[in-house]
Amino acid sequence: MDTLHHHHHHHHPTPPPISSSTSMAKRPCSSSSSQNPRLPPHFSQMDHLLHSFLSFPDSSPPISLDLSLDRLLDSSPSDADQSILIDRAHRLGCLLLRAANRSARKRASIHNSVAWVLPPDLTIKVFSMLDSQSLCYAAATCSMFNKCAMDPLCYANIDLTTVVPKVNNAVVSTMIQRAGKSLQSLKLGIVPGPTGSPGSCQPLVYTIRNSGDVSNFSWNEKRTRQGKESSILTRSCLYPLSGDNGATGTLLRRLHLYNIERMDNASLCVALAACPSLLDLEIVGLHVELRQTLMSVSSHCRFIERLFFESSKTGRDDSLKSPTCFELVNNCPNLSSLSLRGFKLHDYKVRILVKGFRKLKYADFSTSYSITGTFLRNLGNGGGGSLLEDLILRDCMHLKEMEVARFLTAVIAGDFKFLKHLDISNREGLASEGDWYQRSYNSSLIPLQQVLEVRPDICLLAEFPSEGCFLDIDHMIDSDFNSELSLPFQQSGETSDGALVTSSLESSYNSDQGSGNEEYQDSGFVIYEESSDEVDFLVV
């Protein structure tokens, strides 16, 4: 750095130091003019005057300046003239301070250009690799960095996810406006600490009430919440994607949204409509309906390759209908990774999706409530499903050991040649063939050892609890429901809530056995008559 300073001084010599005002007084006035012969006379006088003024010794007590100003005021003939002198002193001080600040910035910029070896285009390239928070820090460092950090390329990949609410709509809007048409990736919302890999069953759903910063937040609170709302994203946070006559979201490739509790179906649909080039969509913990979201994807995001959707209310969203499944399959032929976690999905709908997506390599239906495994029958005989490399069926409540055994027997026989990872782990054990209440913890029906011998390349996860560790279902339902109550609902008594959910879930258990899950003896597509879960109704 010393070398850089020396180099800098070599190109920008400074005048020799002046020890006192006396020495300045001895300097002839013509010296300034002779050194700057091309400057107009008034400029030369100003230069000489300013030089003399700035050469005033720092060691002199400030009272001398006060005395000089007082003598000038005393020599003024009238009070009005004295006021004019004081005003001129104020203005001159301000002008001198402004000029000094401007010169300091100019010298700092010259020094930066010497000390920072990268040209602007490479600096912008480096800044584009920073995370959004680091980019903001860099922009606040100096004027040169700030100029580079304002380039749209630096905002091509915006990540504003936080562990606690810290980002509001204005921040998102500013970032998206800076990106303009260069925007390629946008991640927003609250993530509960380090996120697990999509193959794991670590829940990503998170509610704002878990945050330490807004632990007392309540949607029904009547008094002002301005301080708390200032860091909360609302349903309009994605509106900037539709800006510039729809050009802003045109080239967006990746959109990840986590636990934005105020997002709704209409706002998400508007955002997806503005992103026709979307390849990767990840939705976690939003209060949006599965069917409407998939309909929006099918209508607007026809190039999509990866879809990850985790429900905010595990097991209670059964909105998906068969026609929506067919539309998604027909309109989005490039989908190769599909994750629908925590939804009430019946096997025949899952089969439409898995069999229909002919490029599908990754499928994750973890914690899906109604899957029994019948969708796996004859799945590897051509078409979608035969290219599967990863299949995650972790903690599916109704997954049957017999269906898993049939699937693994097909693997041993040579089907699913590309399968590399299978997860059938279940913290409650697998369901027996006759009654799902009958749980299996160490099934002799499932040929795990044979699979490992025939296909040693497969990573097979089959973790089950020891027998007797199965939780009481009524206790589980009570605790799950009460722990997942989402704001805007007030939590009422545990007994009444638990009884309501237990009743509704038990009715669904009984209807599962005859609701279309046992069909598909062949691999052809058949549209079955909509079962009881296909009926739209409101639960008050």
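Residues numbered from 1 in each chain as written. Predicted model: local features only at pLDDT ≥ 70, side-chain atom pairs only at ≥ 80, totals over all residues. Heavy atoms only, no water.

The protein chain is annotated in an unreviewed UniProt entry as F-box protein SKIP17 of Gossypium hirsutum.

Visitor: Could you clarify how one ought to interpret the packing of aromatic side chains in this entry?
Guide: Where two aromatic rings form a pair, the distance of their centres and the angle of their planes describe that pair. The full count for this structure, using the stated rule, is five aromatic pairs. Relative to F343, the ring of F309 has its centre 4.9 Å away and its plane inclined at 75°; by these criteria the two rings are edge-to-face. Taken together, the positions of F309 in strand β5 (residues 306–310) and F343 in the loop between β6 (337–341) and α16 (347–356) put the pair 34 residues apart, joining distant regions of the chain. Arranged with centres 6.1 Å apart and planes meeting at 75°, the rings of F365 and F375 form a pair that is edge-to-face. Taken together, the residues span a long stretch of sequence, with F365 in the loop between β7 (362–364) and β8 (390–392) and F375 in the loop between β7 and β8 at a distance of ten residues. Through successive ring pairs, a cluster of aromatic residues spans W116, F127 and F145. (Phe/Tyr/Trp six-rings, centres within 6.5 Å; stacked < 30°, edge-to-face > 60°. Helix = DSSP H or I, 4+ residues; strand = E, 2+ residues; numbered from the N terminus.)

Visitor: Help me out: how do you make sense of a nonpolar patch on the surface in this one?
Guide: Judged by side-chain polarity, L50, F53, L54, L65 and L96 come together as a nonpolar surface patch covering roughly 470 Å² of accessible area. For the nonpolar patch, the element with the most residues is helix α4 (residues 41–54), which contributes three residues. Take F53: it is sitting in helix α4. (Patch = residues over 30% accessible without salt bridge, like charges linked within 9 Å, V, L, I, M, F, W, Y side chains within 5 Å. Areas by Shrake-Rupley, 256 points an atom, 1.4 Å probe, with all protein chains shown as cover. Salt bridge = Lys/Arg side-chain N within 4 Å of Asp/Glu carboxyl O.)

Visitor: I'm lost on the nonpolar core in this one. Help?
Guide: If you look at soluble globular proteins, the nonpolar side chains tend to sit buried side by side. In terms of nonpolar packing, the biggest core is built from 89 residues, with L188, L238, L241 and F365 touching the most fellow members. With six residues, the top contributor of residues to this core is helix α17 (residues 401–412). Beyond its immediate sequence surroundings of up to four residues, L241 is in contact with I176, L183, L186, T248, G249, L252, A271, A274 and C275. (Core = buried A, V, L, I, M, F, W, Y, C linked by side-chain atoms within 4.5 Å. Buried < 20%, exposed > 50% of the residue type's maximum accessible area, 1.4 Å probe, protein only. Contact = heavy atoms within 4.5 Å.)

Visitor: Quick question: what am I supposed to make of the pattern of salt bridges here?
Guide: Any two side chains of opposite charge can pair, on the condition that their charged atoms come close. All told, the structure shown has twelve salt bridges when counted by the stated rule. The shortest N-O distance in the salt bridge between D280 and R254 comes to 3.7 Å. In this pair, D280 sits in strand β4 (residues 280–284) while R254 sits in strand β3 (residues 254–258), placing the two residues 26 residues apart along the sequence. A residue is classified by how much of its surface remains accessible, and D280, at 13% relative accessible area, is buried. On the accessibility criterion, R254 (32% relative accessible area) is partly exposed. The partner of E403 in a salt bridge is R377, and the shortest N-O contact between them spans 2.6 Å. One end of the pair, E403, is in helix α17; the other, R377, is in the loop between β7 and β8, with 26 residues separating them in the sequence.

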